[in-house]
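Residue strings, one per chain:
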Protein chains: 2
Amino acid sequence: MNINALMDMTYGMYVVTSRDEDKKVGCFVNTVTQITAENPIILVSINKKSYTNEIIKKNKKFNVSILSEKTDPKIIGTFGFTSSRDNDKFVDVNYKIISEIPVIDENICGYLVCELLQVIDAETHDIFIARVMDAEKESNNEPMTYSYYHREIKGRAPKEAPTYVEEKEEEVKVEEKSQYKCKICGYVHDENKSSTKFDELPDDWKCPICGRPKSDFEKI
Amino acid sequence: MNINALMDMTYGMYVVTSRDEDKKVGCFVNTVTQITAENPIILVSINKKSYTNEIIKKNKKFNVSILSEKTDPKIIGTFGFTSSRDNDKFVDVNYKIISEIPVIDENICGYLVCELLQVIDAETHDIFIARVMDAEKESNNEPMTYSYYHREIKGRAPKEAPTYVEEKEEEVKVEEKSQYKCKICGYVHDENKSSTKFDELPDDWKCPICGRPKSDFEKI
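Residues numbered from 1 in each chain as written. Chains lettered and ligands numbered in written order. Predicted model: local features only at pLDDT ≥ 70, side-chain atom pairs only at ≥ 80, totals over all residues. Heavy atoms only, no water.

Residue and element names in this part refer to chain A. Among the structural elements, Ser68 can be located in the loop between strand 5 (61-66) and helix 2 (74-80). Looking at Ser68, the relative accessible area reads 0%, which means it is buried. Of the polar contacts made by the side chain of Ser68, one reaches the side chain of Asn141; its length is 3.2 Å. Ignoring sequence-local partners within four residues, the contact set of Ser68 consists of Asn107, Ile108, Cys109, Asn141, Glu142, Pro143 and Met144. (Helix = DSSP H or I, 4+ residues; strand = E, 2+ residues; numbered from the N terminus. Buried < 20%, exposed > 50% of the residue type's maximum accessible area, 1.4 Å probe, protein only. Polar contact = N/O pair within 3.5 Å; in protein donor to acceptor, adjacent residues only side chain to side chain. Contact = heavy atoms within 4.5 Å.)

This is the structure in structure tokens:
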């Protein structure tokens with residue numbers, strides 16, 4: 001078995017949000033899939049460890065924000081690499097409330113308002129099958145795909161994502177320049193591609209994906 | 001509700017195949033999704049009217065061929081717009097047998113060998129949840145995405161696909177040139193983009209997607 005064959009499957013980039021009384025929750029996912037065309041049904045797979053998983057089971061309603069290539073990649077860091085259990089993920093994020101649940105308001109393509117029909121146990125993950133109750137387009141931006149995120153933003157899947165694969169470090173070294181990788185989200189600051197050496201980045205510089213400080217980076 | 005918002009969801013292009021004794025069956029799908037990372041589980045949604053759906057329930061095994069941008073679009077026509085009930089879809093297609101079931105052998109990215117775990121009823125469609133038993137890469141070609149197919153090959157989803165949306169005809173007319181649309185698969189021969197007028201195409205010209213003759217085209 002060559003597990004890399006699964007990496008040729010194509011995905012979009014989404015934030016699934018819900019609400020537990022006054023607490024807004026959400027997580028990044030790449031496995032939102034339309035199942036039926038009439039009275040559309042969609043599904044999404046979410047790790048059982050995710051706090052958003054727990055809240056969707058309780059609330060039975062969630063929204064899906066469809067990220068575009070113009071959505072700030074910090075959104076992926078905030079919703080993919082931190083937990084709603086400990087943080088208010090929405091504190092630095094523009095959002096609006098649709099049917100009582102937040103929707104990301106940062107250059108998304110559009111959103112879906114969903115009502116839970118069924119939860120299917122799939123070992124480490126749950127599959128949430130839901131009816132689309134409402135859907136709106138917010139822009140004509142190109143949808144962000146996982147391959148765009150991986151190729152252009154140098155991001156990778158969170159460890160809890162269905163598509164997570166531990167990647168081998170790339171051994172590209174040119175002119176003594178180095179690559180520094182964020183231990184939290186995998187973002188690579190590549191001195192071959194940046195005009196600024198890692199050591200010359202300001203002390204308060206933060207990972208553009210997950211917002212962690214320079215001390216969370218390691219040379220690769 | 002703006003149903004077009006669902007069209008910003010991102011999909012790959014796949015052919016799902018199975019076997020009923022000596023009969024090889026298969027259909028085009030765009031909803032193959034990885035669900036878990038460990039001991040990977042995937043799912044695929046297939047219309048209940050599809051003969052392949054019936055055979056997967058019986059055989060409990062299927063293969064997934066991941067189409068690439070270099071895969072001949074005729075494959076999509078053959079597997080998306082005809083039925084295995086009436087045709088041998090494999091007659092003009094290169095394939096090989098992996099674990100007793102065919103895999104498309106036409107510049108695919110790779111394939112998955114799957115064993116059915118569970119079938120979930122979703123109104124017009126069934127969701128097949130399956131374990132990936134084997135997976136191989138066949139090329140490093142770029143995976144074909146639905147948006148690439150729609151944009152570059154001018155194709156659209158088969159009527160039975162979960163993502164099917166009836167599209168409004170485009171009203172683009174420049175210099176008296178016309179567009180002719182295949183009534184079967186929706187492929188558009190656009191005289192603005194082609195060097196050959198529709199009337200000047202040879203009589204034996206066939207739709208590059210589904211192989212139907214010129215008589216199945218209408219001016220739009």
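Once that is clear, we can look at the packing of aromatic side chains. Following the criterion strictly, the structure yields 14 aromatic pairs over all chains and no others. With a centroid separation of 6.1 Å and an interplanar angle of 80°, the aromatic rings of Phe198 of chain A and Trp205 of chain A are classed as edge-to-face. The ring centre of Phe198 of chain B lies 5.1 Å from the NZ or CZ of Lys214 of chain B, which sits over that ring. (Phe/Tyr/Trp six-rings, centres within 6.5 Å; stacked < 30°, edge-to-face > 60°. Lys NZ or Arg CZ within 6 Å of the ring centre and 35° of its normal.)

With that settled, consider helix 1 (residues 51-59) of chain A. Residues and elements named next belong to chain A. Here helix 1 has its buried residues at Tyr51, Thr52, Asn53, Ile55 and Ile56. Residues of helix 1 that are buried make contact with strand 1 (14-20), strand 2 (23-29), strand 4 (41-47), strand 5, strand 8 (110-122) and strand 9 (125-137). Near the N-terminus of helix 1, the side chain that reaches the backbone nitrogen of Thr52, with its oxygen 3.1 Å away, is that of Ser50. Directly beyond the C-terminal end of helix 1, a positive phi value near 65° is found at Lys60.

Attention shifts here to the interface of chain A and chain B. Each side of the interface is counted separately: chain A has 52 residues, and chain B has 52 residues. Taking both partners together, chain A and chain B bury about 4,300 Å²; carbon and sulfur atoms supply 62% of that area. Linking chain A with chain B are 4 salt bridges, by the criterion used here. For Glu123 of chain B, the salt bridge identified is with Arg131 of chain A, shortest N-O distance 2.6 Å. Put simply, chain A and chain B have 13 residue pairs in polar contact (both at pLDDT 80 or more) between them. (Buried area = accessible area lost by both parts, 1.4 Å probe. Salt bridge = Lys/Arg side-chain N within 4 Å of Asp/Glu carboxyl O.)

So, on to the side chain of Thr36 of chain B. Counting through the fold element by element, Thr36 of chain B comes out in strand 3 (residues 32-36). Among the polar contacts made by the side chain of Thr36 of chain B, one reaches the main-chain carbonyl oxygen of Glu38 of chain B at a distance of 3.3 Å. Contacts of Thr36 of chain B, omitting those with residues within four sequence positions, involve Ala122, Thr124, His125 and Pro162 of chain A together with Ile41 of chain B.

What follows covers the relation of the copies chain A and chain B. The transform that puts chain A on chain B rotates by 180° and translates by 0.1 Å along the axis, for an RMSD of 0.2 Å. In short, the pair behaves as if placed about a two-fold rotation axis. The C-alpha atom lying nearest the rotation axis in chain A is that of Tyr11 of chain A; the distance is 2.9 Å. Both copies share a contact surface, since 100% of the interface residues of chain A are interface residues in chain B too. (Least-squares fit on C-alpha atoms with pLDDT ≥ 70 in both.)

For the rest of this paragraph, the subject is empty space enclosed by the protein. This structure, assessed with the given rule, holds 3 cavities of 30 Å³ or more. When its volume is computed, the largest cavity comes out at roughly 70 Å³. In this structure, the largest cavity is lined by 15 residues; those nearest its centre are Thr10 and Tyr11 of chain A together with Thr10, Tyr11 and Thr33 of chain B. Put simply, the parts of the chain that give the lining of the largest cavity at least two residues each are strand 3 (32-36) of chain A together with strand 3 of chain B. Residue composition of the lining of the largest cavity, by class: 6 nonpolar, 9 polar and no charged. (1 Å grid on protein atoms, 1.4 Å probe; cavity = no way out; pocket = protein on both sides within 12 Å on 5 of 7 lines; lining within 4 Å. Points joined across faces, edges and corners; volume = space filled by probe spheres on them. Nonpolar A, V, L, I, M, F, W, Y, C, P; charged D, E, K, R; others polar.)

Residue and element names in this part refer to chain A. Positive phi is not limited to glycine here, since Glu123 has a value of about 60°. Within the fold, Glu123 resides in the loop between strand 8 and strand 9. With relative accessibility at 38%, the residue Glu123 sits in the partly exposed group.

Below, the discussion takes up the pairing of strand 3 of chain B. All names here are of chain B. Of all 5 residues that make up strand 3, 5 are buried, and the element is covered over most of its length. Here 4 bridges tie strand 3 to strand 4 (residues 41-47), and the two strands are oriented antiparallel to one another. When the bridges of strand 4 are listed, Gln34 appears paired with Ile42. Connecting strand 3 to the next strand, strand 4, in antiparallel fashion are 4 residues, including Asn39 with a positive phi near 45°. (Pairing = 2+ DSSP bridges.)

Below, the discussion takes up the sheet that holds strand 10 (residues 179-182) of chain A. All names here are of chain A. As summarised here, the arrangement of the 3 strands in space is 11-10-12, forming an open sheet in which the pairing is antiparallel. On the outer flanks of this sheet lie strand 11 (188-190) and strand 12 (217-219), each paired with one strand and no other. On average, each strand axis in the sheet is tilted by 25° relative to the strand beside it, whichever way the strands run. With 3 bridges joining them, strand 10 and strand 11 adopt antiparallel strand pairing. From the neighbouring strand, Gln179 faces strand 11, where its bridge partner is Asp190. (Axes fitted to C-alpha atoms, helices over the stretch in contact; angles between N-to-C directions.)

Attention shifts here to the sheet that holds strand 12 (residues 217-219) of chain B. Residue and element names in this part refer to chain B. With antiparallel pairing, the 3 strands of this open sheet are ordered in space as 11-10-12. What marks the edges here is a single partner per strand, and that holds for strand 11 (188-190) and strand 12. Going across the sheet, the axis of each strand differs from the next one's by a mean of 25°, ignoring polarity.

This part takes up the environment of Thr10 of chain B. Within the secondary structure, Thr10 of chain B is located in the segment before strand 1 (14-20). Between the C-alpha atoms of Thr10 of chain B and Cys210 of chain B, which are 200 residues apart in sequence, the distance is 23 Å.

A word on the pattern of salt bridges. Applying the stated criterion across every chain, the model contains 19 salt bridges over all chains. Measuring nitrogen to oxygen at the nearest pair gives 2.8 Å for the salt bridge that ties Lys48 of chain A to Asp121 of chain A. Remark: Asp121 of chain A occurs in strand 8 and Lys48 of chain A occurs in the loop between strand 4 and helix 1; sequence separation between them is 73 residues. Here Asp126 of chain B ties to Lys57 of chain B by a salt bridge, and the two come within 2.7 Å at their closest N and O atoms. Remark: Lys57 of chain B occurs in helix 1 (residues 51-59) and Asp126 of chain B occurs in strand 9 (residues 125-137); sequence separation between them is 69 residues.

Function cannot be read off these values alone, since they describe shape.
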